[in-house]
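# Examination of the molecular architecture
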Amino acid sequence: MHSSAPQPEQLHFSSDGRTPNSSHPVLVYRQLPLAGNDYASAFENLFNSHLWPAQWRAGVYDYHHYHSTAHEVLGVSRGSARLMLGGERGQEVEVSAGDALVLPAGTGHCQLSASEDFEVVGGYPMEQQYDLLRPDESSHDEARMRAQRVSVPVSDPVAGTQGALVSLWRNE
């Protein structure tokens, strides 16, 4: 791996019986060196170039939810927020403009608070269509099986084929 690829923080979450989470770590990239002042466009270009096409610009839902059929990347283009990752009993994470989060399928996430201007760019790997589920014991087992079957992408949305995701998510 070349040294130019940024090294993300890794967060590990296991199932709580309501939110499946994943055996793959959540990757948190801090303060990426983005070109120019338009971070939203910079994230869109970055994600698109690594086969994780950007699909929207918005905030993060203020209720716990996860996707069982797709991995997700969130690039913070403006402002800052406090997110809860890993479900209702997960971990609080502070994010600000220039940070990016890579959430493996099944990972719970929720916005606890945010600055007025908070915005993220959301993207998903090519060929993956996301669903939206809320933590629930009755749907947990099926959702967990679906999430475990979601394939590991060929590239990291931030660092491409040399990125941390490729080695970390494949070697488990």
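Please read these numbers as outputs of a predicted model, since none were measured by experiment. (Residues numbered from 1 in each chain as written. Predicted model: local features only at pLDDT ≥ 70, side-chain atom pairs only at ≥ 80, totals over all residues. Heavy atoms only, no water.)

## Overview of the nonpolar core
Tyr 29, Leu 32, Phe 43, Phe 47, Val 102 and Leu 165 are the most contacted members of the largest nonpolar core, which totals 20 residues. Elements with a minimum of two residues in this core: β2 (22-29), α1 (39-49), β7 (100-103) and α3 (164-170). Non-local contacts of Phe 43, meaning those with residues more than four positions away in its chain, are made with Leu 32, Leu 34, Gly 75, Val 76, Ser 77, Gly 98, Asp 99, Ala 100 and Val 121. One finds Val 28, Val 60, Leu 85 and Val 93 within the second-largest nonpolar core, a separate group that totals 16 residues. (Core = buried A, V, L, I, M, F, W, Y, C linked by side-chain atoms within 4.5 Å. Buried < 20%, exposed > 50% of the residue type's maximum accessible area, 1.4 Å probe, protein only. Helix = DSSP H or I, 4+ residues; strand = E, 2+ residues; numbered from the N terminus. Contact = heavy atoms within 4.5 Å.)

## Considerations on a nonpolar patch on the surface
On the surface, Leu 51, Met 126 and Val 154 cluster together to form a nonpolar patch covering roughly 270 Å² of accessible area. Turning to its location among the elements, Leu 51 is positioned in the loop between α1 and β3 (54-58). (Patch = residues over 30% accessible without salt bridge, like charges linked within 9 Å, V, L, I, M, F, W, Y side chains within 5 Å. Areas by Shrake-Rupley, 256 points an atom, 1.4 Å probe, with all protein chains shown as cover. Salt bridge = Lys/Arg side-chain N within 4 Å of Asp/Glu carboxyl O.)

## Description of the pairing of strand β6 (residues 91-96)
As a general feature of sheets, a regular strand has side chains that alternate between the two faces. With six bridges joining them, strand β5 (residues 80-85) and β6 adopt antiparallel strand pairing. In the strand pairing of β6, Ala 81 is matched with Val 95. Where β5 folds back on β6, the antiparallel hairpin that results is connected by five residues, among which Gly 86 adopts a positive phi of roughly 90°. (Pairing = 2+ DSSP bridges.)

## A short note on the UniProt feature "domain: Cupin type-1" (unreviewed entry) in the protein chain
The sites that UniProt annotates as "domain: Cupin type-1" (unreviewed entry) are residues 44-144. Secondary structure across residues 44-144 comprises 14% helix and 39% strand; the distance between its end C-alpha atoms is 29 Å. (UniProt positions renumbered as here; feature names shortened; annotations may be inferred.)

## Section: the pattern of salt bridges
Throughout the structure, instances matching the rule amount to six salt bridges. A network of salt bridges, in which partner residues are shared, links Glu 9, Arg 30 and Asp 99.

## Quick notes on α1
Within α1, burial applies to Ala 40, Ala 42, Phe 43, Glu 44 and Phe 47. Looking at the packing, one finds that the buried side of α1 touches β3, β4 (72-78), β7 and β9 (119-123). Of the residues flanking the end of α1, it is Leu 51, one or two places downstream, whose phi is positive at about 65°.

## Observations regarding the sheet that holds β2
Pairing between the strands of a sheet comes from backbone hydrogen bonds, and it takes one of two forms, parallel or antiparallel. What the six strands build is an open sheet, ordered β1-β2-β7-β4-β9-β3; its pairing is antiparallel. Because the sheet does not close on itself, it has two edges, and the strands there are β1 (9-13) and β3. On average, each strand axis in the sheet is inclined to that of its neighbour by 20°, with strand direction left out of account. As defined by bridge partners, β4 adjoins β7 across four bridges and the pair is classed as antiparallel. Each bridged residue has a counterpart across the sheet, and for Gly 75 the counterpart in β7 is Ala 100. Along the sheet, α1 contacts β3, β4, β7 and β9; its crossing angle with β4, the most-contacted strand, is approximately 155°. (Axes fitted to C-alpha atoms, helices over the stretch in contact; angles between N-to-C directions.)

## Topic: the packing of aromatic side chains
Summed over all chains, the structure comprises three aromatic pairs. Their ring planes at 20° and their centres at 5.1 Å tell us that Tyr 61 and Tyr 63 sit as a pair that is stacked. By relative accessible area, Tyr 61 is classed as partly exposed at 45%. You can call Tyr 63 partly exposed: its relative accessible area is 23%. A centroid spacing of 4.2 Å and a plane angle of 15° characterise the contact between Tyr 124 and Tyr 130, whose relative ring orientation is stacked. Above the face of the Tyr 63 ring, Arg 134 is positioned so that its terminal group lies 4.0 Å from the ring centre. (Phe/Tyr/Trp six-rings, centres within 6.5 Å; stacked < 30°, edge-to-face > 60°. Lys NZ or Arg CZ within 6 Å of the ring centre and 35° of its normal.)

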